Amino acid sequence: MIPRWTLPAIGLALGSLAAAQDQASPAPLDPNQFWFEILECQRSGDAAKAEGHCRTYAPQCYAESVFQAMLANALRAEAKGDGDARDREIGSAEFLAAAARAAGIVRPAGRIATWKAADAAGRRAWADCLARIEEGEQLAKDQDPIRAAATFEKARALADAVADPTFGVIARRGLGMALWARREYPRARVAFREALAIADAATWFREETRGWLEELERKVREVGEPLLASPLLEEANLGPEEIVTLDVHVSETPPMKTPNPRTRDNPWFWRQVYLEDDKPGGGARVPGAEPLGVPGGLYLRKEPGDRVVSLTPDPAKPGTPVRLAPTPVLQRLSLPYEVRDTRGRPGRKTLDYGFQAVAPIEWRVWGQRRKTPPNPRWADIRVRRATYRVGRGPGGRRIALSDDDGNGQFDDVGSDGLGEAAGPATFLGCLLRLGDSWYRCENDRAGTALRLRPYKGPTGTVSVRWSGLEKAKLLWCVLEQRSGEARAYADVARSPAVIPCGSWALHYALLADDPDEEKQRRVEIRRGKHPGVELEPDGNAVLDLGGPVSMEIPLEPDEAGRVLLTDKAVVSGARGEAYSGFWPEPLLYEFDVRDMMGRSVAAGRVVPHGPNEEVPNFEKLAFAKPVAFPPGTLTGAGPWRVACRGSHPLLGEIAEPR
């Protein structure tokens, strides 16, 4: 009786055999038919014909697959005590091995000899490993990747005790596929790489495993998931904990600089508060201001008098007076608020809270003083945080935690700031750098304490390579590492930088031509489609940024015709990073609208907003004014494509994507 193809894992996953069909097969022969042909050659003793079959179907590697399945059947028969079936399968495997070896495809004879030389216990281990592999494959077919992964883990442990490395390859590949299905991408990648490392270079196992590994890496990059497991969460890499107490610190002078754009010295970038009504009693909630213990947040309220407002947790009642001036004024407040204990009994507490306010806005750019136009709605009140938490950490180093988004809370990961006072700082996450040491950290919502554990795990070096104009310098270049809910941030602008290993994505970078805010041009860089870097232990990774820079602009309909939405332009670097936040000049460029035949139907140039025009937000200012096309302007067959060309002092030439 012809054995059925019952072992997809040992048979090298028949579904993936189709992928090898790009090299044309001379005849429509599948593995089962190939198996039948080899058995016919064995019965007739036609070794030359068997060798010809192996050579003909070498691209599909049927010989390799069928040999492995024959050996698996022999193991299965051995486990059942069926000596005749075992000898029959081994005889067929030896015949096929000789034919394949003559065709120069595989070298399996050593595996058969090793199995024959093993004692009964050793051959039982082979059979147990095979049984686990078959069980894992069946669980995977049943859409049960959790149990499949656990079964393949056991198969991998058994395979390491078996003399045939092929079983180790198959178990690891099965584990990789099961982990892939569970979206455990870093562990899946490790399993595939382990399989690749022990795969025989002369077999098809190696190339197929490499193909799966490359496919996994490609798909994971598409969805932006990490490929390397983070060592920051492994207990073995962390030392004993230390609790650092942090005290409230209110000051107009930050204890350290952080990359959050909302913390710049220029009030234009601060949070806006709109007082819709200038009559007494009118007010507006401070954006994001929701200090701990003050449910509902804080409000700026118009009081009687010229430009008199107060800060209050209750918009129906006057609060603490707020001084307004064209230059920043520090507001240092102790806010009383009501609390209730665990039994519901009322009580009162005070909250130290500080922020800076400006109205109207005045700032200096390139030595010239600028200010926003007058607005009767008081729309130009801007606020910036001035509340920090400061304490002494390991070695007596001062640690600062800043409420960068100004909401009175200190747990906003990726927004608030954390670092050494007067030293390196970055976004708040689970990673803190003190000098040359790294710490895994946790903090509470109120920012009263930090739980630090020294990180002693593997590190590597990241270097930033900028391809663009030499005068453009990176003031910040913050990378982000994600591990489940945990987020870690590291600034590598001063490269080469030594940081913990893992998959790091570009989070935020700032490009400028001068460190002085009053004298500089600047451009912000976000992740966009940038693939990031993968940092192996003791490895060296390069983060590429820069040109050639390209631009895409949407053309969308509105009630009057069509509008070229310049404020939604996407400016990308060669590696996919996104550029925005152009300051103090907007991004100017020429455009050419073409129909589907490539004919130009409209052309022009974007112009900046006028000096007396109200600009609703910074993003619109950065990309100048939208361009409107009245009905009938765009003729020809749509959809239309927008080609653009321009230049920027920091990015150089900008064109449409190729």
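Below is a short write-up of the structure. (Residues numbered from 1 in each chain as written. Predicted model: local features only at pLDDT ≥ 70, side-chain atom pairs only at ≥ 80, totals over all residues. Heavy atoms only, no water.)

**Some remarks on the packing of helix α7 (residues 120-141) against helix α9 (residues 165-181)**
Running from N to C, α7 and α9 point in directions that differ by 20°, and their axes come no closer than 10 Å. By the angle between their directions, the pair α7 and α9 is classed as roughly parallel. As α7 packs across α9, the resulting crossing turns out to be left-handed. Here Trp126, Cys129, Leu130 and Ile133 of α7 lie close against α9, whose contacting residues are Phe167, Ile170 and Ala171. Each residue belonging to the contact of α7 with α9 can be placed in one class, and the counts come to seven nonpolar, no polar and no charged. (Axes fitted to C-alpha atoms, helices over the stretch in contact; angles between N-to-C directions. Helix = DSSP H or I, 4+ residues; strand = E, 2+ residues; numbered from the N terminus. Parallel < 35°, antiparallel > 145°, perpendicular 65-115°, else oblique. Left-handed = near helix turned anticlockwise from the far one by under 90°. Contact = heavy atoms within 4.5 Å. Nonpolar A, V, L, I, M, F, W, Y, C, P; charged D, E, K, R; others polar.)

**Notes on the sheet that holds strand β1 (residues 242-245)**
In space, the four strands of this open sheet follow the order β1-β19-β18-β17, with antiparallel pairing throughout. Each having just a single partner strand, β1 and β17 (431-434) make up the two edges of the open sheet. Neighbouring strand axes in the sheet, compared pairwise and without regard to direction, differ in orientation by 40° on average. Sheet analysis places β1 next to strand β19 (residues 449-454), joined by four bridges and oriented antiparallel. For Ile243, the partnering residue across the bridge sits in β19 and is Arg451. (Pairing = 2+ DSSP bridges.)

**Quick look at the packing of aromatic side chains**
Taken as a whole and judged by the stated rule, the model has five aromatic pairs. Both rings, one in Phe269 and one in Trp583, keep their centres 5.1 Å apart while their planes meet at 65°; by these two values the pair is edge-to-face. Taken as a pair, Phe269 in the loop between β2 (247-250) and β3 (271-273) and Trp583 in strand β32 (residues 578-583) lie far apart in primary sequence, 314 residues in all. Owing to a relative accessible area of 7%, Phe269 belongs among the buried residues under this scheme. Centroid distance Phe427 to Tyr508: 6.1 Å. Interplanar angle 85°. Geometry classified as edge-to-face. Here Tyr508 lies in strand β24 (residues 502-512) and Phe427 lies in strand β16 (residues 425-427), a separation of 81 residues in the sequence. Taking the relative accessible area as the measure of exposure, Phe427 reaches 4% and is therefore buried. Following the ring pairs from residue to residue traces out a cluster consisting of Trp180, Phe192 and Trp212. (Phe/Tyr/Trp six-rings, centres within 6.5 Å; stacked < 30°, edge-to-face > 60°. Buried < 20%, exposed > 50% of the residue type's maximum accessible area, 1.4 Å probe, protein only.)

**Comments concerning the sheet that holds strand β20 (residues 459-467)**
Strand pairs in the sheet, formed through backbone hydrogen bonds, run parallel or antiparallel to each other. Strand order in the open sheet formed by three strands is β23-β20-β27, with mixed pairing between adjacent strands. Each edge of the sheet is formed by a strand with only one pairing partner; in this case those strands are β23 (497-500) and β27 (540-546). Taking each pair of neighbouring strands and ignoring which way they run, the sheet shows an average axis angle of 35°. Pairing analysis gives four bridges linking β20 to β23, with the strands arranged antiparallel. Bridge assignment links Val462 to a residue of β23, and that residue is Ala497.

**Overview of the nonpolar core**
Across soluble globular proteins, nonpolar side chains show a tendency to be buried alongside one another. Residues Cys477 and Ile499 are the most contacted members of the largest nonpolar core, which totals 56 residues. Ranked by residue count, the leading element in this core is β24, at four residues. Once you skip the residues sitting within four places of it in the chain, Ile499 turns out to touch Trp438, Thr459, Gly460, Val462, Leu479, Ala490, Val492, Trp504 and Leu535. Listed in part, the 34 residues of the second largest apolar core include Ala159, Leu175, Ala191 and Leu227. (Core = buried A, V, L, I, M, F, W, Y, C linked by side-chain atoms within 4.5 Å.)

**A short note on the side chain of Ser230**
Topologically, Ser230 is positioned in the loop between α11 (204-223) and β1. Of the residues examined, Ser230 reaches a relative accessible area of 9% and is grouped as buried. At a separation of 3.2 Å, a polar atom in the side chain of Ser230 contacts the main-chain amide nitrogen of Leu232. Looking at Ser230, its side chain comes within polar contact range of the side chain of Gln481, at 2.4 Å. Sequence-distant contacts of Ser230, that is, excluding residues within four places in its chain, are made with Gln481 and Ser483. (Polar contact = N/O pair within 3.5 Å; in protein donor to acceptor, adjacent residues only side chain to side chain.)

**Observations concerning the environment of Thr448**
Residue placement: Thr448 occurs in the loop between β18 (437-443) and β19. Taking relative accessible area as the criterion, Thr448 reaches 32% and is therefore assigned partly exposed. With 58 residues separating them in the primary sequence, Thr448 and Val390 have C-alpha atoms 9.1 Å apart. If sequence neighbours within four positions are ignored, Thr448 has contacts with Val244, Thr245, Leu246 and Arg389.

**A short note on the pattern of salt bridges**
Applying the stated criterion across every chain, the model contains 36 salt bridges. Here Arg451 makes a salt bridge to Glu442, at a shortest N to O gap of 2.7 Å. Given the relative accessible area of 28%, Arg451 is considered partly exposed. Connected through shared salt-bridge partners, Glu153, Arg156, Asp160, Arg172, Arg182, Glu184, Arg187 and Glu194 make up one network. (Salt bridge = Lys/Arg side-chain N within 4 Å of Asp/Glu carboxyl O.)

None of the figures reported here should be taken as evidence of function without further support.
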